[in-house]
Amino acid sequence: NPELRLPTVTTVKVPEGVDWKDVSGHMMSKYKIEISGGLGPTAGKVWRIGIMGYNAGPQQVNRLLQALKDALDLYKPKAEL
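Residues numbered from 1 in each chain as written. Predicted model: local features only at pLDDT ≥ 70, side-chain atom pairs only at ≥ 80, totals over all residues. Heavy atoms only, no water.

A. How the structure looks around unusual backbone geometry. Although it is not a glycine, Lys 32 adopts a positive phi angle of roughly 60°. Looking at the secondary structure, you find Lys 32 in the loop between α1 (20-31) and β2 (36-37). (Helix = DSSP H or I, 4+ residues; strand = E, 2+ residues; numbered from the N terminus.)

Here is the structure:
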């Protein structure tokens, strides 16, 4: 429901086979970037990322995206051969 959306929170779908907690934990421990999981019906299915104030700058957003890529590369399911 668009009326319930927050413009300062970006929602990102967790890829199938990826544990959202692993990615979130990696980003916190390696990059000191905190992202939250979904709530209610979206629990385990999305990350909620706050992008506001200082963290809305291009340099900070790019840092977040690089950290997310690093974590997904580490925790994505391995392709079956």
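B. Spatial organisation of the nonpolar core. If you look at the biggest cluster of nonpolar residues, it comprises 13 residues, and the most contacted ones within it are Val 23, Met 27, Ile 33, Ile 35, Trp 47 and Leu 64. When contributions to this core are tallied by element, the ones reaching two or more residues are α1, β3 (46-50) and α2 (58-75). The greatest single-element share of this core, amounting to four residues, is contributed by α2. (Core = buried A, V, L, I, M, F, W, Y, C linked by side-chain atoms within 4.5 Å. Buried < 20%, exposed > 50% of the residue type's maximum accessible area, 1.4 Å probe, protein only.)

C. Region of the structure containing the pattern of salt bridges. Counted under the stated rule, the structure contains three salt bridges. Residues Lys 30 and Asp 70 are paired through a salt bridge, measuring 3.4 Å at the closest nitrogen-oxygen approach. Remark: Asp 70 occurs in helix α2 and Lys 30 occurs in helix α1; sequence separation between them is 40 residues. Each of Lys 69, Asp 73 and Lys 76 takes part in salt bridges that share partners, so that together they form one network. (Salt bridge = Lys/Arg side-chain N within 4 Å of Asp/Glu carboxyl O.)

D. Quick peek at the side chain of His 26. One can find His 26 in helix α1. Each residue touching His 26, except ones within four places of it in the same chain, is listed here: Tyr 31, Asp 70, Ala 71, Leu 74 and Tyr 75. (Contact = heavy atoms within 4.5 Å.)

E. Up close: the sheet that holds β3. Pairing in this open sheet of three strands is antiparallel, and the strands run β1-β3-β2 from one edge to the other. The sheet is open, and its two edges are formed by β1 (9-13) and β2, each paired on a single side. Where β1 and β3 come together, five bridges link them in antiparallel fashion. Its bridge partner lying in β3, Lys 13 is registered against Val 46. (Pairing = 2+ DSSP bridges.)

F. Representation of the confidence of the model for the protein chain. On average, residues of the protein chain carry a pLDDT of 91, and 96% of them reach 70 or more. Ranking the elements of the protein chain by mean pLDDT puts β1 last, at 92, and α1 first, at 97. (pLDDT = per-residue confidence, 0-100.)

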